[in-house]
Amino acid sequence: MRALILALLLLPSLAMANDDARRAGQLQTQAQEAFDGGELEQAMRLAKQAILLNSGPGTWLAQQIRIEVLEKQGRLRDAMGFLEDYMALDGLFPEHVAWGKEAQQRVGEALGRQRADRAGRLGAGVALIVGGAAPLGIALGFLANRE
């Protein structure tokens, strides 16, 4: 009798879980279509909705889309953070893990280039300030002495 009561109590929650999983699958398909069509904001919105319904390995596609959209937008730190979450998921298929490792390398290299570019621009700015100050001072001195 207890088993029957427990089963009756669990049926609605199991049905809701199946509905959520089905809806998450639909959202992932729509997110992929939007991504393939170059609609990055729409793809991100749909992927997030799918992940809210199911944050586990069942939404691997939505999670990959979210990471790729962030990468295309140049939001590399955010992409890397979600990559770490993705790789921590238990139950990913080997091909999903391989995708994650490749993405970590790709995003990591892009982050390194981004940091190097920032450091280069900072160094060039400092050099311009320092290099520009001396000629400016000489020119002003020259103009002041002409009178």
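What you see is a predicted model; the values in this text were computed from it and never measured.

The rules behind these values
- Residues numbered from 1 in each chain as written.
- Predicted model: local features only at pLDDT ≥ 70, side-chain atom pairs only at ≥ 80, totals over all residues.
- Heavy atoms only, no water.
- Core = buried A, V, L, I, M, F, W, Y, C linked by side-chain atoms within 4.5 Å.
- Buried < 20%, exposed > 50% of the residue type's maximum accessible area, 1.4 Å probe, protein only.
- Helix = DSSP H or I, 4+ residues; strand = E, 2+ residues; numbered from the N terminus.
- Contact = heavy atoms within 4.5 Å.
- Phe/Tyr/Trp six-rings, centres within 6.5 Å; stacked < 30°, edge-to-face > 60°.
- Lys, Arg positive; Asp, Glu negative; His and termini not counted.
- Salt bridge = Lys/Arg side-chain N within 4 Å of Asp/Glu carboxyl O.
- Axes fitted to C-alpha atoms, helices over the stretch in contact; angles between N-to-C directions.
- Parallel < 35°, antiparallel > 145°, perpendicular 65-115°, else oblique.
- Left-handed = near helix turned anticlockwise from the far one by under 90°.
- Nonpolar A, V, L, I, M, F, W, Y, C, P; charged D, E, K, R; others polar.
- Expected span 1.5 Å × (residues − 1).

*Asks:* Looking at this structure, I do not really get the nonpolar core. What am I missing?
*Replies:* Most often, soluble globular proteins keep nonpolar side chains buried together rather than apart. Core analysis: the largest hydrophobic core is formed by 29 residues, its most contacted members being Ile65, Leu83 and Val107. Put simply, the parts of the chain that give this core at least two residues each are α1 (2-36), α2 (40-53), α3 (60-72), α4 (76-87) and α5 (94-146). Apart from the residues lying within four places of it in its own chain, the contact partners of Leu83 are Ile67, Trp99, Gly100, Ala103, Gln104 and Val107.

*Asks:* Honestly, the packing of aromatic side chains in this entry has me stumped. Any pointers?
*Replies:* Given two aromatic rings, one states the distance between the centres and the angle between the planes to describe the pair. Counted according to the given criterion, the structure contains one aromatic pair. Ring geometry for Tyr86 against Trp99: centres 5.4 Å apart, planes inclined by 75 degrees, an arrangement best described as edge-to-face. Placement of the pair is Tyr86 in helix α4 and Trp99 in helix α5, with a sequence separation of 13 residues. For the residue pair Tyr86 and Trp99, the accessibility class agrees, reading buried in each case.

*Asks:* Any chance you could explain the environment of Lys72 here in plain terms?
*Replies:* With respect to the helices and strands, Lys72 occurs in helix α3. Residue Lys72 is classed as exposed on the basis of its relative accessible area, which comes to 57%. Placed 32 residues apart in sequence, Lys72 and Leu40 show a C-alpha to C-alpha distance of 8.6 Å. Sequence-distant contacts of Lys72, defined by excluding residues within four places in its chain, comprise Phe35 and Leu40.

*Asks:* Explanation requested: the side chain of Arg66 in the structure shown.
*Replies:* Residue placement: Arg66 occurs in helix α3. Nearest to the buried, unbridged Arg66 among oppositely charged side chains is Asp85, at 5.4 Å. Setting aside its immediate chain neighbours within four residues, Arg66 contacts Met44, Ala47, Ile51 and Phe82.

*Asks:* Explain the packing of α3 against α4 to me, please; I cannot follow it from the model alone.
*Replies:* The relative placement of two packed helices comes down to the angle between their axes together with the axis-to-axis distance. Taken N-terminus to C-terminus, the directions of α3 and α4 make an angle of 160 degrees; their axes are 8 Å apart at the nearest point. Here α3 lies roughly antiparallel to α4, going by the angle between them. The two elements α3 and α4 cross, and the hand of that crossing is left-handed. Side by side, α3 and α4 meet where Trp60, Gln63, Gln64, Arg66, Ile67, Leu70 and Glu71 of the first sit next to Leu76, Asp78, Ala79, Phe82, Leu83 and Tyr86 of the second. Grouping the amino acids of the contact of α3 with α4 by side-chain chemistry returns eight nonpolar, two polar and three charged.

*Asks:* Can you walk me through α3 in this structure?
*Replies:* Residue pairs three or four apart in sequence face the same way in an α-helix, which turns once every 3.6 residues. Counted at 1.5 Å a residue, the expected span for α3 with its 13 residues is 18 Å, and the 18 Å between its end C-alpha atoms agrees. Within α3, 10 of the 13 residues are buried, leaving the element largely enclosed by the surrounding structure. Looking only at α3, the buried set comprises Leu61, Ala62, Gln63, Gln64, Ile65, Arg66, Ile67, Val69, Leu70 and Glu71. Looking one or two places after α3, you find Gly74, whose phi comes out positive at around 80 degrees.

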